[in-house]
Amino acid sequence: MTEGEFYRRPSQENSVPASSTPLHQLHVDAGASFTDFAGWQMPVRYSSDLAEHAAVRTAAGIFDISHMAELSVTGPQAAAFLDFALAGNISAIALSKAKYTMILTPEGGIIDDLIVYQNAPGEYLVVANAGNREPVVAALSERIDGFEAALTDATEAIALIAVQGPRSREILEATAGLEQDDAVAMGHTLDVLPYYACMGMRFQGTPLLVGRTGYTGEDGFELFVGAGDAASLWTALLAAGEPLGLIPCGLAARDTLRLEAGMPLYGHELGLDTLPVQAGLGRVVPLKTKTVDFVGRSGIEAGPAEGARVLVGLVAEGKRAGRADYAVLHGDEQVGVITSGALSPTLGHPIAMAYVDPAVSEPGTVLDIDVRGSRIPATVVPLPFYKKDENHD
């Protein structure tokens, strides 16, 4: 099942109490529904999944994503350590820039996908998925041996708020107490901050980090703020944004937004048995330009097994959507499996990502999805399904 489907199910019993983010009481006061996700009590929705999804596409949505893991890497050999530990060429990240990368097993499987920021000279912020915090910390702790570098898990000290949508910059500019300061801005201003870059700002006099990154397929920002200031910042952002159409959004809308944008979700499109190239992410591992050794290099160079399935997009007509784990058929043969699927709120028809046999992976190939015993025709298409610069009226 997709993350969105999971959100619609009752939380499973868990002997370990879920952690609450610093914004939890604000979500309760706003009438949010919650689920236990990766050990965190997280808002699924506040009103309507469709309304929250539409707000991000047309105006803006604000998300609490404080469950994400934030790991700080410092020291004279911080960049050299991350070059060895991660797939990307981390030493090439300029100050105030960010890179999407991965941490791999020695065989090339994906432990997690990450964003790494150089947030200060020689200092790096590694952002990992909530469910992979422990394995990522364990792998980095093992790989740091021999490097003059320090790893600090700052997750509990940092709250993370995302403002996503075409009016997101207007909202940040209008937020009371959120100010630009040349002393921490790293040469940027909010109006020209590039995609996958970050800058320092101040909120009520306290520095925070603002990244032009996101997981929705829209323009937007992610604000890293001290846990003690999170509630005040959330409230100020909402007050500034409500006249512009900003509404709070839960993880259900976040899931359909990322699916339309063709963005992978760990545990669905990515996993320990998947090589990046199978997910269409071979570019994340720059073998030609990254000359230093790194964990997973031999597995990447060997490549996937012959006939290993590859990730594709599927579109269908009607309203019946394929869901995760549904079979993909070609004639009488099962040739793949859906990893994520939904009826697209923006496009109005079913979409899905699936791993299929390479022989049936070319765009235009017509396959079938087994939707509870019924065969629904679906056509292979390139990813993503949605791009923000296209007109989808």
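- An unreviewed UniProt entry annotates the protein chain as Aminomethyltransferase of Antiquaquibacter soli.
- The record held by UniProt for the protein chain lists under Subunit (unreviewed entry) the comment "The glycine cleavage system is composed of four proteins: P, T, L and H."
- Of the protein chain, the UniProt comment under Function (unreviewed entry) reads exactly: "The glycine cleavage system catalyzes the degradation of glycine."

### Things to note about the environment of His67
Now for step 1: As for its placement among the helices and strands, His67 is situated in the loop between strand E4 (60–64) and strand E5 (69–74).
Now for step 2: On the basis of relative accessibility, which here comes to 4%, the residue His67 falls in the buried class.
Now for step 3: Taking the C-alpha atoms as reference, His67 lies 8.8 Å from Gly131; in sequence the two are 64 residues apart.
Now for step 4: For His67, the residues in contact, after removing those within four places along its chain, are Thr21, Phe37, Trp40, Met42, Ala130 and Leu251.

### Observations concerning the nonpolar core
Now for step 1: Ranked by internal contacts, the top residues of the largest apolar core, which has 31 residues, are Leu172, Leu208, Val210 and Leu223.
Now for step 2: Listed by contribution, the elements that provide at least two residues to this core are E4, strand E10 (158–164), helix H6 (168–174), strand E12 (198–203), strand E13 (206–211), strand E14 (220–226) and helix H7 (230–241).
Now for step 3: Per-element accounting of this core gives the leading share, 6 residues, to H7.
Now for step 4: Setting aside residues no more than four positions away along its own chain, Val210 makes contact with Leu172, Leu190, Leu193, Ala197, Cys198, Met199, Met201, Phe221, Glu222 and Leu223.

### Quick word on the packing of aromatic side chains
Now for step 1: Counting across every chain of the model gives 4 aromatic pairs.
Now for step 2: Here Arg57 stacks its cationic end above the ring of Tyr386, 3.9 Å away from the centre of that ring.
Now for step 3: Its end group placed over the ring of Tyr195, Lys388 keeps NZ or CZ at 6.0 Å from the ring centre.

### With respect to empty space enclosed by the protein
Now for step 1: All told, the structure shown has 1 cavity of 30 Å³ or more when counted by the stated rule.
Now for step 2: Counted as a void, the largest cavity has a volume near 30 Å³.
Now for step 3: Lining the largest cavity are Leu314, Val315, Ala316, Ala321, Gly322, Pro350, Ile351, Ala352 and Ile369.
Now for step 4: Mapped onto the lining of the largest cavity, the elements with two or more residues apiece are strand E16 (310–316) and strand E19 (350–356).
Now for step 5: Looking at the lining of the largest cavity, its residues break down into 8 nonpolar, 1 polar and no charged.

### Let's talk about the sheet that holds strand E1 (residues 19–20)
Now for step 1: Strand order in this open sheet of 3 strands is E1-E3-E2, and the pairing throughout is mixed. The sheet is open, and its two edges are formed by E1 and strand E2 (33–37), each paired on a single side.
Now for step 2: As defined by bridge partners, E1 adjoins strand E3 (residues 40–45) across 2 bridges and the pair is classed as parallel. The partner of Ser20 across the bridge, within E3, is Gln41.

### Quick notes on the UniProt feature "domain: Aminomethyltransferase C-terminal" (unreviewed entry) in the protein chain
Now for step 1: The feature "domain: Aminomethyltransferase C-terminal" (unreviewed entry), as annotated in UniProt, sits at residues 309–387 in this numbering.
Now for step 2: The span residues 309–387 is 0% helix and 54% strand, and its two end C-alpha atoms sit 25 Å from each other.

### Let's talk about the UniProt feature "domain: GCVT N-terminal" (unreviewed entry) in the protein chain
Now for step 1: Under the feature "domain: GCVT N-terminal" (unreviewed entry), the UniProt entry names residues 23–288.
Now for step 2: The span residues 23–288 shows a helical share of 24% and a strand share of 30%, and its end C-alpha atoms are spaced 44 Å apart.

### Description of the sheet that holds E12
Now for step 1: Reading across from one edge, E11-E12-E13-E14-E10-E4-E15 is the order of the 7 strands in this open sheet, with mixed pairing throughout. The open sheet has two edge strands with one neighbour each: strand E11 (178–179) and strand E15 (246–248).
Now for step 2: With 7 bridges joining them, E10 and E14 adopt antiparallel strand pairing. Among the inter-strand pairings, Ile161 is bridged to a residue of E14, identified as Leu223.
Now for step 3: Contacting E4, E10 and E15, helix H3 (residues 49–58) crosses the sheet at an angle of about 120 degrees to E4.
Now for step 4: The sheet contacts of H7 involve E4, E10, E12, E13, E14 and E15, and relative to E10 the element is tilted by about 10 degrees.

Calculation notes
- Residues numbered from 1 in each chain as written.
- Predicted model: local features only at pLDDT ≥ 70, side-chain atom pairs only at ≥ 80, totals over all residues.
- Heavy atoms only, no water.
- UniProt positions renumbered as here; feature names shortened; annotations may be inferred.
- Helix = DSSP H or I, 4+ residues; strand = E, 2+ residues; numbered from the N terminus.
- Buried < 20%, exposed > 50% of the residue type's maximum accessible area, 1.4 Å probe, protein only.
- Contact = heavy atoms within 4.5 Å.
- Core = buried A, V, L, I, M, F, W, Y, C linked by side-chain atoms within 4.5 Å.
- Phe/Tyr/Trp six-rings, centres within 6.5 Å; stacked < 30°, edge-to-face > 60°.
- Lys NZ or Arg CZ within 6 Å of the ring centre and 35° of its normal.
- 1 Å grid on protein atoms, 1.4 Å probe; cavity = no way out; pocket = protein on both sides within 12 Å on 5 of 7 lines; lining within 4 Å.
- Points joined across faces, edges and corners; volume = space filled by probe spheres on them.
- Nonpolar A, V, L, I, M, F, W, Y, C, P; charged D, E, K, R; others polar.
- Pairing = 2+ DSSP bridges.
- Axes fitted to C-alpha atoms, helices over the stretch in contact; angles between N-to-C directions.

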